[in-house]
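# Analysis of the macromolecular model
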Amino acid sequence: MTRRAAVLPILFVLLLVLGGSPAAGQPAPLSGFDDYANTAIRDWNVPGVSVSVVKDGKVVFSKGYGVRKVGEPAPIDEHTQFSIGSISKSFAAMGLGMLVEEGKVSWDDPVSQYLPYFQLHDPYVTRELTLRDLLVHRSGLPEVCGGILWYGSDYSREEVLKRLRYLKPVSSFRSTFAYQSVTYMAVGEVIRAITGKSWDDFTRERIFTPLGMNESNSLFRDLKKSKNLALPHVRIDGKPVAIAYRDSDALGPGGAIVSSAHDMARYMRLLLAEGSLDGKKFYGEKVAQELFTPQMLVPSRPSSRPELKALNSWFSAYGFGWFLREYRGRKLVFHTGGMDGMSAMVVLVPEEKLGITVLSHNDGGIFHPLALRMLDAYLGAPPTDWAGVMLKFRGEGEKKAKDAEAALVAARVQGTKPALELGRYAGSYRDRMYGDLSITQENGKLVLRFSHSPSFTADLEHWQYDTFRLHWRDPMNWPKGFLTFSLDAKGKLKGFAFDQPSLLDVHFNELSVERVPDAR
């Protein structure tokens, strides 16, 4: 979720609201798309993408562009695997729908019936929370919360869910849409409770294998078996740099699936055919309708920018695992996905029996303009250089980030020092939700570590007073935040607080870190 990613799922949604070889010869609507895609890849400076298009029940286009890893010749094709991030949520919703159709569960069953250990901060919400609430993001929890528990951690899905009870709600129950990954983790655990199988095994047996999605999986161990895998890439100094995949097994149905354009074409055909494909029935009409029916309104505001006028929609909602909106007079069913250095998008136009998938191994968002370019072509809209428009926005965002960093440096108070000797800041710390953290003194500097998340290791640079700059060691090239220690009136160290930009679904402001007294 997921996230990221991701590349952030909500960021992708806001952008849209605001903003191989051909399978059967290049269709007329996509005439010139090869040149457009290759130009976009060059201008955006990304290694490549993979796309597929289905129309009227058939795969009409499936192709890759660029390379799997920058600096190496192995090409991307329609069988190259990419992370699809939060698009994984739609698989969880579909799987639950299959069980609903079999009479094993109801959309409106209380979650506590299946997961008695899953408790939220408010006992009333715990008692009343239903599976439908999980699917449509209306629990009252903060947006994309709990990432600090699953991102790169060794916590199990069950343990992540148990620890959410310490998160305070930010809105009343069922009043506000707040996009989540952790609630879909709960959906997966409900499936496990009902079937006795992990969500991963259930999805493989009930969706991947019978649908012929042989290039799709959801477990980290399976990535090692792939011989056609695109690597994640991050931008460092404006250039793409390959990084390794991170173990996202804890996230599971929230965003852990890896797939290919070829496999996603089969998935889109199933969705557009309302649950049956090639003589096999996966689910029926009632479930199909629920998946694509607006269940929860999603706030959106029209953009005042002329270049984004076509993206303004007269409605925005969420179904079961899918965003819903209007575009050029048609209902769109879509979802984006983002994980470390990977981003993806699936767009369905049921009225036109049209589906488009764009997979990318760079978190810059190039999937948006390419999907819109293909969408416009099939809807008969005038061609728009969406790649140019959105690249301009990316440049504006990067300039704002540089200006903000320059302002921070200019505002830094020079000549200060910490209130205590460095060694006195070292020790054990604890957050009630997350668990243990530590600060050690190494080679004359402080180092922060999270006990269950090796990814969250940072060197602390003194900034001013009792505030230190966080230099994360992770290759994701995260923005540098701040950590500020707090002392009581007697000068005793109480704990510390973060001022750190969000990382994918990870929000450090969810933590309230206190010093653990030294054992005597």
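Since we're looking at a predicted model, the values are computed, not measured.

### Concerning the environment of Ser198
Within the secondary structure, Ser198 is located in the loop between helix H8 (182–195) and helix H9 (199–211). Sequence spacing of Ser198 and Gly188 is 10 residues, and the spatial spacing of their C-alpha atoms is 7.7 Å. Within polar-contact distance, the side chain of Ser198 engages the backbone nitrogen of Asp201 at 3.1 Å.

### Quick look at the sheet that holds strand S16 (residues 435–442)
Here eight strands make up a closed barrel; going around it, the order is S15-S16-S17-S18-S19-S20-S21-S22 and the pairing antiparallel. Sheet twist, expressed as the average angle between the axes of neighbouring strands with direction ignored, equals 30 degrees. Two strands pair when backbone bridges link them, and strand S18 (residues 453–464) and strand S19 (residues 467–472) are joined in this way by six bridges, in the antiparallel orientation. Residue pairing across strands places Leu460 opposite Leu470, the latter belonging to S19. Those strands touched by helix H14 (residues 386–411) are S18, S19 and strand S20 (482–487), and its axis lies near 45 degrees from that of S18.

### Digging into the packing of helix H3 (residues 88–101) against H9
Running from amino to carboxyl end, H3 crosses H9 at an angle of 75 degrees, the nearest separation of the two axes being 10 Å. One finds that H3 runs roughly perpendicular with respect to H9. Side by side, H3 and H9 meet where Ser88, Phe91, Ala92, Met94, Gly95, Met98 and Leu99 of the first sit next to Trp199, Phe202, Thr203, Arg206, Ile207 and Phe208 of the second. Each residue belonging to the contact of H3 with H9 can be placed in one class, and the counts come to nine nonpolar, three polar and one charged.

### So, the packing of helix H13 (residues 367–379) against H14
Running from N to C, H13 and H14 point in directions that differ by 155 degrees, and their axes come no closer than 8 Å. When the axes of H13 and H14 are compared, the pair comes out roughly antiparallel. Relative to H14, H13 is oriented so that their crossing is right-handed. Contacts from His368, Pro369, Leu372, Arg373 and Asp376 of H13 reach H14 at Trp386, Ala387 and Met390. Class assignment of the residues belonging to the contact of H13 with H14 gives a composition of five nonpolar, one polar and two charged.

### Focus on the confidence of the model for the protein chain
Of all residues in the protein chain, 94% have pLDDT values of 70 or greater, and the mean over the chain is 93. Segment residues 1–24 is flagged for pLDDT under 50; beyond a separation of four residues in sequence, or across chains, it makes 110 contacts in the model.

### As for the nonpolar core
Counting residues in each nonpolar core, the largest one holds 163 residues, and the members touching the most others are Phe118, Leu448, Phe450 and Phe485. When sequence neighbours within four positions are dropped, the list of residues in contact with Leu448 reads Leu437, Ser438, Ile439, Phe456, Thr457, Ala458, Leu460, Leu470, Trp472, Leu483, Phe496 and Phe498.

### Let's talk about the pattern of salt bridges
Within this structure, the stated rule accounts for 37 salt bridges. We note a salt bridge from Glu158 to Arg192, for which the minimum N-O separation is 3.4 Å. Remark: Arg192 occurs in helix H8 and Glu158 occurs in helix H7 (residues 157–163); sequence separation between them is 34 residues. Residue classification places Arg192 among the partly exposed residues on the basis of a relative accessible area of 34%. Across the pair Arg246 and Asp340 runs a salt bridge, and its minimum N-O distance is 2.6 Å. With Arg246 in the loop between strand S5 (239–242) and strand S6 (258–260) and Asp340 in the loop between strand S12 (330–339) and strand S13 (342–349), the pair connects residues that are 94 residues apart, well separated along the chain. Among the residues examined, Arg246 registers a relative accessible area of 18% and is labelled buried. Overall, Asp340 belongs to the buried group, its relative accessible area being 8%. Through salt bridges that share partners, Glu158, Lys162, Glu189 and Arg192 make up one connected network.

Reading guide: rules and limits
- Once a new chain begins, its residue numbering starts again from 1 and follows that chain's sequence as written.
- Local features are withheld for residues below a pLDDT of 70 in this predicted model, meaning they are given only at 70 or higher, and side-chain atom pairs are given and counted only at 80 or more; totals for whole chains, interfaces and linings count all residues.
- Just so you know, side-chain values use all the structure's heavy atoms and leave hydrogens and water out.
- Numbering of helices and strands starts at the N terminus; helices are DSSP runs of H or I of at least 4 residues and strands are runs of E of at least 2.
- Under the rule applied, a polar contact is a pair of N or O atoms within 3.5 Å (in protein, one hydrogen donor and one hydrogen acceptor; residues adjacent in sequence only if both atoms are side-chain atoms).
- In this scheme, strands are said to pair when DSSP sees at least two bridges between them.
- Axis definition: a line fitted to C-alpha atoms, limited for helices to the stretch in contact. Angles are taken between N-to-C directions and run from 0 to 180 degrees.
- Contacts are assigned to residue pairs with any non-hydrogen atoms lying within 4.5 Å of each other.
- Orientation is classified from the angle alone, with under 35 degrees giving roughly parallel, over 145 giving roughly antiparallel, 65 to 115 giving roughly perpendicular, and any other angle giving oblique.
- Amino acid classes used here: Ala, Val, Leu, Ile, Met, Phe, Trp, Tyr, Cys and Pro are nonpolar; Asp, Glu, Lys and Arg are charged; the rest, including Gly, are polar.
- By the definition used in this description, the sense in which the near helix is turned from the far one sets the handedness, with an anticlockwise turn below a right angle giving left-handed and a clockwise turn giving right-handed.
- Each residue carries a pLDDT value, the predictor's own confidence for that position, ranging from 0 to 100.
- Remark: nonpolar core denotes a set of buried residues (Ala, Val, Leu, Ile, Met, Phe, Trp, Tyr, Cys) joined through side-chain atoms within 4.5 Å.
- When a residue's accessible area, from a 1.4 Å probe over protein chains only, is under 20% of the maximum for its type it is buried; when over 50% it is exposed; and in between it is partly exposed.
- A side-chain nitrogen of Lys or Arg and a carboxyl oxygen of Asp or Glu constitute a salt bridge if their distance falls within 4 Å.

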